[in-house]
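Remarks on the overall topology
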Amino acid sequence: MELQAIYDTLTAAKVAGLLGCDEPRPSNKKEKDPGRSGLPFLMVDPAEIVPLLTACRDMPLLQFDLLIDLSAADPAADGEDLWVLIQLLSLKHRHRLAIKACLPKSALIMSSATAVYRAANWHERECSEMFGITFEGHPDPRKILLPDDWDGYPLRKDYEFPTEYHGISCE
Amino acid sequence: MKGHEPSYSMEERRTLPSGEEEFFFDVKTSDLEVNMGPQHPATHGVMRVLIRCDGELVTGAQAHLGYLHRCAEKIGENVEWLQYLPYTDRYDYLAAMNNNLGYSMAVEALMPGFEVPRRAVMLRTICVELNRIASHLVAYGTYGLDIGAITPFLYAFREREWIQALFEKICGARLTYSYIRIGGVFNDAPPGWLTEVGHFCDVFEEKWKEYRDLLALNHIFIKRTANVGVIPKDMAIDFGLTGPMLRGSGVDFDLRRDIPYMAYGEAHEAGAFDVPVGEGEKGELGDCWDRFSVRVQEMMESIKLVRWCLEMIEDGPIIGDVPKVLKVPPGEAYVGIENPRGELGHYVHSDGGKIAVRCRVRGPSFTNLAVIEELMVGTLLADSVAIIGSTDIVVGETDR
Amino acid sequence: MIQEQAQQALSHSVHPGSNVFVRILEWLPLPEWVPGWVIILGGVVMGMSIFLAVMSLIVMFCVWLERKVSGHIQCRTGPMYAGGWHGWAQSIADGVKLLLKEDTIPKDADRALFWIAPAIVLGSIFGAMVAMPLSYDWWFGRMDLGVFAILALSSTTTIGVVMAGWASNSKWSLYGAMREAAQVVAYEIPLGLALLAPLFVLGTFSLNEASAMQSGWFGMKWAIFTNPFLVPAFLIYWIAALAETKRAPFDLPEAESELVAGFLTEYSGIRWSFFFFEEYAAMLLMSVLAAFFWFGGFESPLTGALRASGVEETSLLFSVVCFGTVMIKGFVGIFLMMWLRWTLPRVRIDQVMTMGYKYLTPLALFCVLGAACWEALQHLIFS
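In every chain, residue numbers begin from 1 and rise along the written sequence. Numbering of ligands from 1 and lettering of chains from A proceed in the order in which they are written. With the structure being a predicted model, the display of local features is reserved for residues of pLDDT at least 70 and the display and counting of side-chain atom pairs for 80 or more, all residues being used for whole-chain, interface and lining totals.

Overview of the sheet that holds strand β6 (residues 331–339) of chain B
The strand order across the open sheet formed by 4 strands is β2(A)-β6(B)-β7(B)-β8(B), and the pairing between neighbours is mixed. The two strands at the open ends of the sheet, each matched to only one other strand, are β2 (37–38) of chain A together with β8 (356–362) of chain B. Pairs of strands are assigned from DSSP output, requiring at least two bridges between the strands. Secondary structure is summarised from DSSP: a helix means a run of H or I of at least four residues, a strand means a run of E of at least two, and numbering begins at the N terminus for each. With 2 bridges joining them, β2 of chain A and β6 of chain B adopt parallel strand pairing. In the strand pairing of β6 of chain B, Gly38 of chain A is matched with Glu332 of chain B.

See the structure below:
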């Protein structure tokens with residue numbers, strides 16, 4: 001199913017938190033629009049992520065039963081938002097869904113998707129140590145790839161590389 | 001579909017162990033905490049599993065990752081598009097061709113209207129499938145090692161050696177190829193290479209039967225792996241498993257067939273490959289033996305695919321029109337491909353410059369590994385090794 | 001005169017032939033005034049040296065053989081360079097390397113036990129080998145209860161292994177030691193019971209006598225051909241022997257993919273090689289024991305032919321043939337053990353226990369009963 005159809009299905013079911021579709025568009029030199037290439041994303045409200053994912057999983061028309069990936073991106077150092085990116089896959093209908101939720105850097109809190117997909121567990125742990133997002137209701141919010149005493153969130157654009165770690169110079 | 005509560009529970013799994021029931025009515029003793037790893041033969045690299053044991057019985061397990069974390073995603077944001085390609089070799093170092101392909105396809109998805117030449121597609125498919133065989137051969141051999149059979153490992157490496165020699169001929173490298181480039185492939189097949197690949201397919205088919213009989217159908221091996229580490233279908237889906245782990249649990253899904261990319265759709269229509277699915281032949285559906293068996297059968301399917309490509313390949317350019325210093329149009333894309341271990345996804349975000357804004361890698365080993373913490377509870381120490389082995393992880397990819 | 005006394009003191013009065021130690025002393029031209037105890041002591045020391053040297057050579061050959069066998073099973077060649085011809089000197093080179101290696105002891109290890117454990121392991125297995133005759137005429141210590149001595153001393157190695165596992169102060173080592181203890185206890189029973197069956201047939205505990213009992217039919221009256229219950233008894237014995245010697249598929253105490261290296265994890269250098277020695281010595285012992293009680297011991301058509309042509313049993317030629325025969329039989333057994341090791345995956349601890357207690361023990365009992373009944377029947381019919 002194409003993204004627009006998925007969006008329509010979700011809207012018809014009155015699922016909360018839908019903000020629209022982020023579709024690729026060709027560049028327009030007159031309006032100085034560089035365009036956007038790549039693949040479409042479903043824009044959602046991070047506050048409503050759990051009911052939305054539940055709907056995506058349970059609606060027979062969609063049936064996204066696999067959570068493939070949950071990660072984040074920091075599009076710009078001076079930007080106001082972080083993006084939380086979720087990739088879903090339906091085994092039955094053989095379609096994918098890419099979800100993007102903009103989370104303001106001032107309040108990096110959203111509810112955990114582990115209640116819907118247990119696959120989200122480790123992805124959220126990685127996401128929170130790399131970007132500093134707090135996932136409320138996560139069963140095991142430890143760091144996963146980084147050492148427990150690591151400071152800062154390395155994948156953020158404003159991250160400053162440490163000059164030393166436990167007395168070992170990193171320069 | 002199911003509710004929030006999973007249909008299997010810890011208690012149930014504890015009372016349905018692979019071993020004998022007597023182990024659960026043993027004399028009560030205090031638990032022993034053992035670090036399996038970071039340097040332990042069963043962890044296939046540098047991973048640490050903290051296990052709590054009651055004698056030989058594992059009562060708790062916790063995986064600790066990050067010993068091989070090399071900041072691949074951060075590096076992706078700091079080097080040019082093409083420069084990042086050699087880094088992709090390093091996450092799943094047993095299937096570097098597949099990683100190259102995943103990254104290249106993600107970047108190509110950002111270039112509107114870009115079409116990879118036909119010959120490049122075929123060469124890519126041949127290399128990727130040969131690499132899948134090589135990777136599964138390692139999985140086959142190391143799983144034998146985990147179970148205690150040493151000889152199959154060396155047999156498997158003999159054929160893998162041949163594949164590596166083939167790769168060396170086409171790209172000069174044996175492990176980290178960087179052969180599949182953005183836009184096509186780096187080098188055309190040298191004269192006689194395709195014939196040798198065909199010869200390899202013929203020889204391998206004979207050897208493959210031997211390998212299957214030697215290990216997969218060995219009585220002790222079946223006793224050790226059947227009914228061990230059972231992942232029911234819904235649990236596999238809930239944990240987001242992909243690849244042979246998912247198919248081992250009886251879910252008939254393969255990205256190559258179901259969300260086709262490159263020439264796989266065409267190949268499947270031509271009947272060039274099937275998707276092996278676990279059937280619970282030797283024990284319960286989704287046990288270690290099923291996962292192992294799926295990998296063994298997949299090798300044969302890859303051989304069929306390579307043969308099909310050898311038939312279909314035609315002369316032509318091997319790389320599209322891609323500049324040396326690549327500037328990718330602004331945009332973002334997530335592309336997932338079927339790696340030997342499952343879905344390898346790349347999310348790339350470009351702002352129109354020479355460097356990616358975000359380069360996210362979704363490694364299949366990382367997600368597949370998450371299941372062991374639950375699976376190992378209630379098994380014996382030897383079973384937990386069998387379970388880790390059956391996930392076929394590459395630590396370079398779990399930690400990236 | 002004195003030499004005769006010494007011979008009397010050391011050799012057993014019942015049996016012909018004499019101890020190898022005494023044989024050497026007889027050969028030496030010793031003056032009359034040397035006291036008897038010096039001769040005995042000297043004989044013991046020299047005999048021990050020869051014994052250790054011979055056994056070490058055999059074990060080193062086994063190590064080389066294992067590498068070659070595994071190599072050829074795995075489509076490799078094994079060692080090829082050391083010494084020139086097919087790497088024959090590889091074991092010597094390994095031995096030198098192990099001697100020169102740093103001998104580490106973990107910081108919190110129980111040093112005393114850590115030191116003693118390899119000595120116990122090696123001492124007990126060599127002690128057991130003393131009871132093994134080399135031919136009708138050559139032996140180090142002849143015992144009427146040779147089988148008992150071998151079983152008792154060879155299972156003493158377990159104490160050394162458990163000691164090593166405990167002293168290493170490593171959890172993996174402890175696991176290995178506990179597995180060894182459990183496994184050996186479980187398999188001693190079927191091992192001993194399976195051995196009882198040929199003991200019934202042959203009617204003796206002495207290895208020499210057991211061999212002599214099988215000398216009929218031109219050297220082919222092997223016990224296994226005379227009683228059908230000895231075939232399953234041998235299979236049980238063989239499985240139990242694999243478990244006793246910690247060989248694959250029963251190498252759980254070492255289990256390199258599960259327990260790193262089991263009880264050997266913290267050992268290095270020459271101390272580690274002592275355990276290695278023990279393993280191969282035990283393999284030889286178990287194979288030779290099987291040869292003595294099932295496959296004719298020293299007897300083969302060759303010895304039959306020698307006897308028929310009137311060669312004395314005490315002659316050098318006969319002894320050499322006997323020694324060669326038993327060694328060939330032993331090495332066939334060792335080869336079989338190696339073949340199994342490089343072919344089979346490892347079984348799990350609960351499967352090991354289940355097999356030992358639930359299947360092998362009752363089956364071994366059945367074999368003993370069957371063998372005894374068969375013998376009784378034969379007795380009734382033919383006498």
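Next comes the rest of the description.
A few points about the nonpolar core
Counting 270 residues, the largest nonpolar core has Ala194, Ala233, Tyr237 and Leu285 of chain C as the members making the most contacts within it. Looking at which element gives the most residues to this core, the answer is helix α5 (residues 118–147) of chain B, with 17 residues. Each domain's extent was defined by an automatic or database domain assignment. Taken together, domain 1 (1–100) and domain 2 (113–382) of chain C each give at least three residues to this core, which thus spans both. Contact between two residues is assigned when their C-beta atoms, built from the backbone, lie within 7 Å. Leave out the neighbours within four places in its chain, and Ala194 of chain C touches Ala233, Ile236, Tyr237, Ala240, Ala364 and Cys367 of chain C. Working definition: the nonpolar core is a set of buried Ala, Val, Leu, Ile, Met, Phe, Trp, Tyr and Cys residues, joined through C-beta atoms within 7 Å. Any residue with 12 or fewer other C-beta atoms within 10 Å of its own C-beta is exposed, any with 20 or more is buried, and the rest are partly exposed; the C-beta atoms used are placed from the backbone.

A closer look at the interface of chain B and chain A
Contact residues are listed per partner, giving 40 residues for chain B and 34 residues for chain A. Of all elements in the fold, only α2 (72–76), α9 (233–238), β6, β7 (342–350), β8 and α14 (364–369) of chain B reach the threshold of two or more residues within the side of chain B that touches chain A. With 5 residues, β6 of chain B is the largest single contributor of residues to the side of chain B that touches chain A. Grouping the constituent residues of the side of chain B that touches chain A by class yields 20 nonpolar, 10 polar and 10 charged. Gly counts as polar in this scheme, as do all residues outside two lists: the nonpolar Ala, Val, Leu, Ile, Met, Phe, Trp, Tyr, Cys and Pro, and the charged Asp, Glu, Lys and Arg.

Brief notes about the arrangement of the chains
Most contacts, when the 2 pairs of chains in contact are compared, are made between chains A and B. The two partners chain A and chain C share no contact, and the minimum distance between any of their C-alpha atoms is 25 Å.

Section: the interface of chain C and chain B
The interface is formed by 22 residues belonging to chain C together with 30 residues belonging to chain B. By residue number, the principal contributor to the side of chain C that touches chain B is helix α15 (residues 349–382) of chain C, which donates 4 residues.

Comments concerning unusual backbone geometry
Residues and elements named next belong to chain B. The phi torsion at Cys71 lies on the positive side, around 60 degrees, for a residue other than glycine. Looking at the element boundaries, Cys71 is found in the loop between β3 (57–64) and α2. Judged by the 17 C-beta atoms lying within 10 Å of it, Cys71 falls in the partly exposed class. Notably, Met262 is not glycine yet its phi reads approximately 45 degrees, a positive angle. Assignment of secondary structure puts Met262 in the loop between α11 (255–258) and α12 (264–269).

A word on the sheet that holds β3 of chain B
Residues and elements named next belong to chain B. Strand order in the open sheet formed by 3 strands is β1-β2-β3, with antiparallel pairing between adjacent strands. One side of each edge strand has no neighbouring strand; the edge strands of this open sheet are β1 (32–36) and β3. On average, each strand axis in the sheet is inclined to that of its neighbour by 20 degrees, with strand direction left out of account. Each axis is a line fitted through C-alpha atoms, and for a helix only the stretch in contact is used; angles between axes span 0 to 180 degrees, taken between their N-to-C directions.

Structural notes on the packing of helix α3 (residues 36–73) of chain C against helix α4 (residues 90–100) of chain C
Residues and elements named next belong to chain C. Between α3 and α4, the shortest axis-to-axis distance is 8 Å and the interhelical angle comes to 110 degrees. One way to sum up the angle between α3 and α4 is to call them roughly perpendicular. As α3 packs across α4, the resulting crossing turns out to be right-handed. Listed contacts from α4 to Met60, Val63, Trp64 and Arg67 of α3 are Gln90, Ser91, Ile92 and Gly95. Looking at the contact of α3 with α4 residue by residue, the classes come out as 4 nonpolar, 3 polar and 1 charged. Oblique is the label for any angle not covered by the other classes, which are roughly parallel (under 35 degrees), roughly antiparallel (over 145) and roughly perpendicular (65 to 115). By definition, any crossing whose near helix is turned counterclockwise from its far helix by less than a right angle is left-handed, and any crossing with a clockwise turn is right-handed.

Interpretation in functional terms is not warranted from these geometric data alone.
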